Amino acid sequence: MADTEVRLQNLRNFTVQIRRPTDNAIVGTGIAVSMDGKVVTCAHVVEAALGVHPREANGAEVGVYFPQVRSGETKARRATVAAFFLQYDDDVVVLKLVGGPAPLAPEQIP
């Protein structure tokens, strides 16, 4: 049997809040998955934020809040829908931050 390296991480390091852009209300959570600003969340969370299914988002922005951000970085950001499963009814959506990379340290990305 091959040796496998296990990397334990604190889930809070890369969990973000998804917020409605109109009133900044928290509607769900997501996971920051890359330094270039990709966040995975659920389609029903995006729908709660925008009032439409991600397929109809057409560039609309949701709020993304990073409670664990590095000092000196902005915690509140915006993101648009970058990807979803068009042929399927899966509840997975990838968001892409607007205006730059994730404000996290590399060790804060899963």
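Because the structure is a prediction, the values reported are computed rather than measured. (Residues numbered from 1 in each chain as written. Predicted model: local features only at pLDDT ≥ 70, side-chain atom pairs only at ≥ 80, totals over all residues. Heavy atoms only, no water.)

Draft legend 1. Inspection of the nonpolar core at higher detail. Counting 20 residues, the largest nonpolar core has V16, I18, A32, V62, V64, F66 and L95 as its most contacted members. Contributing elements (two or more residues each) for this core: β1 (15-19), α1 (43-50), β4 (62-65) and β6 (92-97). Take this core: its biggest share by element is four residues, from α1. Ignoring anything within four residues of it in the chain, the contact list for L95 reads I18, G37, K38, V39, T41, V46, V62, V64, A79, T80, V81 and A82. (Core = buried A, V, L, I, M, F, W, Y, C linked by side-chain atoms within 4.5 Å. Buried < 20%, exposed > 50% of the residue type's maximum accessible area, 1.4 Å probe, protein only. Helix = DSSP H or I, 4+ residues; strand = E, 2+ residues; numbered from the N terminus. Contact = heavy atoms within 4.5 Å.)

Draft legend 2. Inspection of the packing of aromatic side chains at higher detail. If you walk through the whole model with that rule in mind, you get zero aromatic pairs. Across from the ring centre of Y65, 4.2 Å away, lies the NZ or CZ of R19, which sits over that ring. (Phe/Tyr/Trp six-rings, centres within 6.5 Å; stacked < 30°, edge-to-face > 60°. Lys NZ or Arg CZ within 6 Å of the ring centre and 35° of its normal.)

Draft legend 3. Here's a closer look at the pairing of strand β2 (residues 26-32). Bridge analysis of β1 against β2 gives five bridges, and the strand direction is antiparallel. In the strand pairing of β2, V16 is matched with G30. Across two bridges, β2 lies against strand β3 (residues 38-42) in antiparallel orientation. Residue A32 lies in a different strand from β3, and its bridge partner there is V39. Linkage of β2 to β3, two consecutive antiparallel strands, is achieved through a turn of five residues, within which G37 is found at a positive phi near 100°. (Pairing = 2+ DSSP bridges.)

Draft legend 4. Structural view of unusual backbone geometry. Here the phi dihedral of N24 falls at roughly 65°; this positive angle occurs in a residue that is not glycine. One can find N24 in the loop between β1 and β2. A positive phi angle is found at N58, which is not glycine, with a value near 45°. Among the structural elements, N58 can be located in the loop between α1 and β4. A relative accessible area of 73% places N58 in the exposed class.

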